[in-house]
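Working through the structure, step by step
Spelled out from the first residue to the last, the chains are:
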Amino acid sequence: MKPTVILIGIVIFAIAAAILMPAHYVEEHETITQVLWNDHEAVVFSGVRRDGWSGTYAGLAVEMLRGFFGAIPRYDRNMQWVVVGHITPTGVRTHIQHATPFFHVQPFEGALFRVGDPSLKWDGDGFVPVTAAEQDRLQGRTRASTPDYSNVEGWSSKMNLLNNEQLRSETSLNLGGVQVLVIADRSADRIRKTVTVQFGDGKNVEIVKLNEAPRLVSANEYESLMKAQ
Amino acid sequence: MSGGADAHLPRERIVRPVTLSGEVLSLIPSPGIPLMGDTFGGLLAGVEPAPNTCRATYGEVEQCYNALARFAGPSGSATWRYDSPGALDRPAQGPDGTIYFIEHVGLGKSVVILNGATGAVTARVPLANFVTQQTGCQNTYNENEPSTAGPIVGGDGFGYLAVSNRVRQINYSTCSSYTEVMDVGMSVLRLSSAGQVSVTVIDQRHCTTECDEPKPKQLLPDGMDGLIAIAEYRYAPLFNAEWKMTRIDAEGAQSNTAVAEGLRIELIGPGGTAYLNSKQVLDLQTGLPIWSLPSDWNWVAAANNGDGFAERNGEVARFGPAGQLGDARQLNLINPSQAFGGWAGIQGVGNTTTGGLTAYAMPFDYGTRWDETYRQWGFGVEERRGYGDQSFRNLPQLVFHTNYNAIEIETSFSADQIFDAYVRTFAGVDAGPYASVTIEGNTVSAVGQRVTFTMKSPFIRFFQDPFQVEAVRYVPSQRTLAVTTINPVHPIFGWRYWRVFPSANGITIETGAYDRPASGLMFYSGYFVRKEDQTGIWREYMRHILNDIPGAVLRSPLQLMEGVWDVDSNPASAAIAPNATRQNILTQVCGVAPTNIPVFELTRSCQ
């Protein structure tokens, strides 16, 4: 057999093997980010979703071709969570609310609630079930249905911090006499998004830091990233 | 022409889109003689350097214009102008918008290829000149333009041109005797939008006695994915002319039929039916005549079943497959054209105008594929009244579709609260994997406000810039918002509405769209590749609302949330989505149903 034929065979085999090799990639995206505040504390809620696609490099090429025409990849898994940053005059505590898309909390009687069955109340560290009496009172409350509002049940709101026409959005808050700046910043190409809290003494605390570029990962990493929460 | 613009009137400088009832929607100044509607819903005009500059040396009318201009069309569409350094002939346009035309500069002739959306030149294809060279006692060298027919656009979307060639070499051995050698022929060039050329030779001869190159008279599609070229041939002795019709089928096979001198195909119907200026109807597959039109009638249109429509002194009639006279109506229209599903034309008799542009409803299964009908214009002068490729009337990219998603939920939330929290903010779109939405002030609160969609995937963003829609109807009391796309960046052309209303089992949130791909091959292809995404983005939107409203219980079929397409032609979907009809969607977009949907599609005016 001629060496040329062998070489061509090897090249064809290599190409075939390459396109049939498994490929996995993930993308993470911020969905909605909202800051709510009263006169002594603020809370940032930032929804994140991770979409995953798994197949072969040949399938990936098909997805890229579809993307060329504007079609999104046919993801086979997705995960969603909400990053909650609790801002007080002394600092920031970050908490992850797992396995949930972004939710609109409702201010009521000076507190924040996830109204549902059962309803949950923000206690500064996480959401805890409400009492029966609170549940009854919640049903009869006046709801805030606009995204931005001021002093509704003691709370104000600013929505879509990372989805403004401006790349950088600053919300200046006075929490119990301490000046705090909530800075939402995204790069012009929308790949990088951050939400940072800046205190008057120059201290910066990052609540959200996302890189939305798609990335190829190994099979193990894919399983680890996309495993059910 | 879409919208009823009276572009076929000679020397007219104002275009008037009109409705079926005759209402003139606007007066659009034209930069030149309006020539044709273009692929993108606009108009093309030829700008004359001075009146009556045209010549008709070879059968094709040539050198009429010194510029080509695009104007009118949907809001947001680009206007452009191409100024020639010489003169140019009438254009032909492909389904992707590519424009082909002949340009004459100096002694040369070339095909210029333009991007019809921008007017940018994508290629120039120079044509070989005729050459005559004398040597010996007399020593001269002359070049002049080759004769051509076309360009046209074939069924495959490529441009085609029939062109002759001639190289004549005369050697004077003495000053009174010479020998002559000639190479003559005719070819059909296939032209891509990028200017790539492939050649099909129809005739090529090497002569040592007198001979002449074929003169192409007509080039047109055969209605069966092939081409027809009609040409005049002269063989020695040269005073005998022979006319031949060459059919090049879809596989490239050629067949020749001798035809009468002066033959011209005026209409091509479906399946290769040709309607001739001799009044005969010809089957192009067999070359055999089928039937003949009485000599005092003139062709105006072909029907899909092989029937033909003709006019005589303002009367329009249908002729059956054996030539029998069917329906006939005296419409008193000069040169009636098929429009609005019937006939439109200037009222009058002969060449005497008695009224304005008038339309008559007379529905029929319009089947004309190609129209080169002529009319008498003064003594012995004919002027084109049909204009080539009729497929623009039925371009798939101009076909509008409907799609619709909805959920009915049982909830303690009011319809107003849902409208404020989710419709005015597009919050559910952000929660999904498709796009991020940017709204000034975070909520829609007035007509004219724009909403920007940015695809979430960075890879898609590389190809698709953020695109916008503009609120055209905002009625908080009816909890209804409607938008239209801002083109040309938006990949879709059309309208969408959202509405929230109390219904039998709770509150219904619905969105419906009436749209088509935006102009351009990428958007056209993408529309169908992305079809799942177009309802998917609103499925995720509905899912977000369902999940985000505390205690909401879904009461409608899942299929409604998934989305349905084109329910007007899909009774099964119409049964579960009665609000998804075109009529209802357009009623929600406009507040009342538009009275004339074709005009609405063209002008975006709900009136």
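Residues numbered from 1 in each chain as written. Chains lettered and ligands numbered in written order. Predicted model: local features only at pLDDT ≥ 70, side-chain atom pairs only at ≥ 80, totals over all residues.

Section: the overall build of chain A
Defined as follows: The way it works is that DSSP assigns letters per residue, a run of H or I at least four long becomes a helix, a run of E at least two long becomes a strand, and they are numbered from the N terminus. Any two residues are considered in contact once their C-beta atoms, placed from the backbone, lie within 7 Å.
The helix and strand tally for chain A stands at 4 helices and 15 strands. Long-range contacts, defined as pairs at least 24 residues apart, comprise 55% of the intrachain contacts of chain A with a sequence gap of at least 6.

Topic: the overall build of chain B
Where we set the bar: Residues are called buried when their C-beta atom has 20 or more other C-beta atoms within 10 Å, exposed when it has 12 or fewer, and partly exposed otherwise; all C-beta atoms are positioned from the backbone.
Within chain B, the secondary structure is distributed over 9 helices and 44 strands. Counting over 607 residues, chain B shows a buried share of 45%. The long-range share in chain B, meaning contacts at least 24 apart out of those at least 6 apart in sequence, stands at 49%.

Considerations on the sheet that holds strand E31 (residues 352-361) of chain B
Residue and element names in this part refer to chain B. Put simply, the rule reads: Pairing between strands requires that DSSP locate at least two bridges from one strand to the other. Between N-to-C directions, angles span 0 to 180 degrees; the directions come from axes that are lines fitted to C-alpha atoms, helices contributing only their stretch in contact.
Spatial strand order, E29-E30-E31: 3 strands in an open sheet with antiparallel pairing. For this open sheet the edge positions go to strand E29 (333-339) and E31, each flanked by a neighbour on one side alone. Across the sheet, the axes of successive neighbouring strands diverge by a mean angle of 15°, strand direction being ignored.

Remarks on unusual backbone geometry
Following B:Gly150, the chain continues to B:Pro151 via a peptide bond in cis, the omega torsion being 5°. When you line up the elements, B:Pro151 lands in strand E13 (residues 148-153). Backbone geometry at A:Asn151 places phi at a positive 50°, although glycine is not the residue there. One can find A:Asn151 in strand E9 (residues 149-152). Looking at A:Asn151, the number of C-beta atoms within 10 Å reads 11, which means it is exposed. Positive phi, close to 45°, is recorded for B:Asp566, a residue that is not glycine. With respect to the element layout, B:Asp566 can be found in the loop between strand E44 (564-565) and helix H7 (571-576).

Observations concerning the interface of chain B and chain A
How big an interface is tends to be reported as the loss of accessible area on association of its parts. Each partner contributes residues to the interface: chain B has 34 residues there, and chain A has 41 residues. Broken down by secondary-structure element, the contributors of at least two residues to the side of chain B that touches chain A are helix H1 (415-423), helix H2 (427-431), strand E37 (435-439), helix H3 (458-463), helix H4 (521-529) and helix H5 (531-548) of chain B.

Quick notes on the sheet that holds strand E32 (residues 370-371) of chain B
Residues and elements named next belong to chain B. Ordered in space as E24-E23-E22-E21-E32-E35, the 6 strands form an open sheet in which the pairing is antiparallel. Only two strands of the sheet have a single neighbouring strand rather than two, namely strand E24 (288-292) and strand E35 (388-389). Examined bridge by bridge, E32 and E35 share 2 bridges and lie antiparallel to one another. From the neighbouring strand, Trp370 faces E35, where its bridge partner is Asp389.

Description of the pairing of strand E22 (residues 273-276) of chain B
Residue and element names in this part refer to chain B. Note that strand E21 (residues 265-268) and E22 share 3 bridges and pair antiparallel. Of the residues in E22, the one forming a bridge with Ile268 is Ala274. Alignment of E22 against strand E23 (residues 280-283), held across 3 bridges, turns out to be antiparallel. Looking at the pairing, Thr273 lines up with Asp283 of E23. As consecutive antiparallel partners, E22 and E23 are separated by 3 residues, and within that stretch Lys279 has a phi angle of approximately 80°, a positive value.

Examining helix H2 (residues 57-68) of chain A
Just so we agree on the cut-off: Here the expected length of a helix is defined as 1.5 Å per residue gap, with one fewer gap than residues. What the arc describes is the spread of directions from the helix axis to the C-beta atoms.
Relative to the 16 Å expected for 12 residues at 1.5 Å per residue, H2(A) spans 16 Å between its end C-alpha atoms, a close match to the ideal helical length. Taken as a whole, H2(A) has its buried residues at A:Leu60, A:Glu63 and A:Gly67. Within H2(A), the buried residues cover an arc of 60° as seen down the axis, which keeps them to one side. Buried residues along H2(A) sit against strand E1 (22-37) and strand E2 (42-56) of chain A together with H3 of chain B. Backbone geometry just downstream of H2(A) places A:Gly70 in the positive-phi region, at approximately 95°.

A closer look at the pairing of strand E15 (residues 177-191) of chain B
Residues and elements named next belong to chain B. Relative to E15, strand E14 (residues 159-174) is paired through 15 bridges, and the arrangement is antiparallel. Within E15, the position partnered with Gln169 by the bridge is Val181. Between the end of E14 and the start of E15, which pair antiparallel, lie 2 residues. As paired strands, E15 and strand E16 (residues 197-207) are joined by 10 bridges and run antiparallel to one another. Looking at the pairing, Met186 lines up with Asp203 of E16. Remark: 5 residues form the turn of the hairpin made by E15 and E16, two consecutive strands paired antiparallel; Gly195 in that turn has positive phi of roughly 95°.

Things to note about the nonpolar core
Across soluble globular proteins, nonpolar side chains show a tendency to be buried alongside one another. How we decide: For our purposes the nonpolar core covers buried Ala, Val, Leu, Ile, Met, Phe, Trp, Tyr and Cys residues that link as a set through C-beta atoms within 7 Å.
Core analysis: the biggest nonpolar cluster contains 86 residues, and A:Ala42, A:Val43, A:Val182 and B:Ile418 have the highest contact counts within it. When near neighbours in sequence (up to four residues on either side) are disregarded, A:Val43 contacts A:Leu36, A:Val84, A:Gly85, A:His86, A:Ile87, A:Leu112 and A:Trp122. In terms of nonpolar packing, the next biggest core, distinct from the first, is built from 75 residues, B:Leu88, B:Met186, B:Tyr233 and B:Ala303 among them.

A word on H1(B)
Think of an α-helix as 3.6 residues a turn; residues three or four steps apart then line up on the same face. All of the buried residues in H1(B) are B:Ile418, B:Phe419, B:Asp420, B:Ala421, B:Tyr422 and B:Val423. The inward-facing, buried residues of H1(B) contact H2, strand E40 (480-485), strand E41 (492-503), strand E42 (506-517) and H5 of chain B.

A few points about the confidence of the model for chain B
Residues and elements named next belong to chain B. Here is the rule: The pLDDT value expresses, per residue, how confident the predictor is, ranging between 0 and 100.
When the pLDDT values of chain B are averaged, the result is 85; 90% of them are 70 or greater. Here residues 1-12 is modelled with pLDDT under 50, and outside its nearest four sequence neighbours on either side it reaches 32 contacts, counting other chains as well. The ipTM assigned to the predicted complex is 0.86, against a pTM of 0.58.

Observations regarding the environment of B:Arg166
Residue and element names in this part refer to chain B. If you trace the backbone, Arg166 turns up in strand E14. Overall, Arg166 belongs to the buried group, with 21 C-beta atoms counted inside 10 Å. The spacing of Arg166 and Asp212 is 46 residues in sequence and 8.0 Å in space, taken between C-alpha atoms. Sequence-distant contacts of Arg166, that is, excluding residues within four places in its chain, are made with Phe130, Met182, Val184 and Glu213.

Things to note about the environment of B:Arg70
Residues and elements named next belong to chain B. Examined against the element boundaries, Arg70 turns out to sit in strand E5 (residues 65-71). In the structure, Arg70 is positioned 12 residues away from Tyr82 in sequence and 8.8 Å away in space, judged by C-alpha atoms. For Arg70, the contacting residues outside a window of four places in its chain are Asp38, Gly42, Leu44, Thr79, Trp80 and Gly119.

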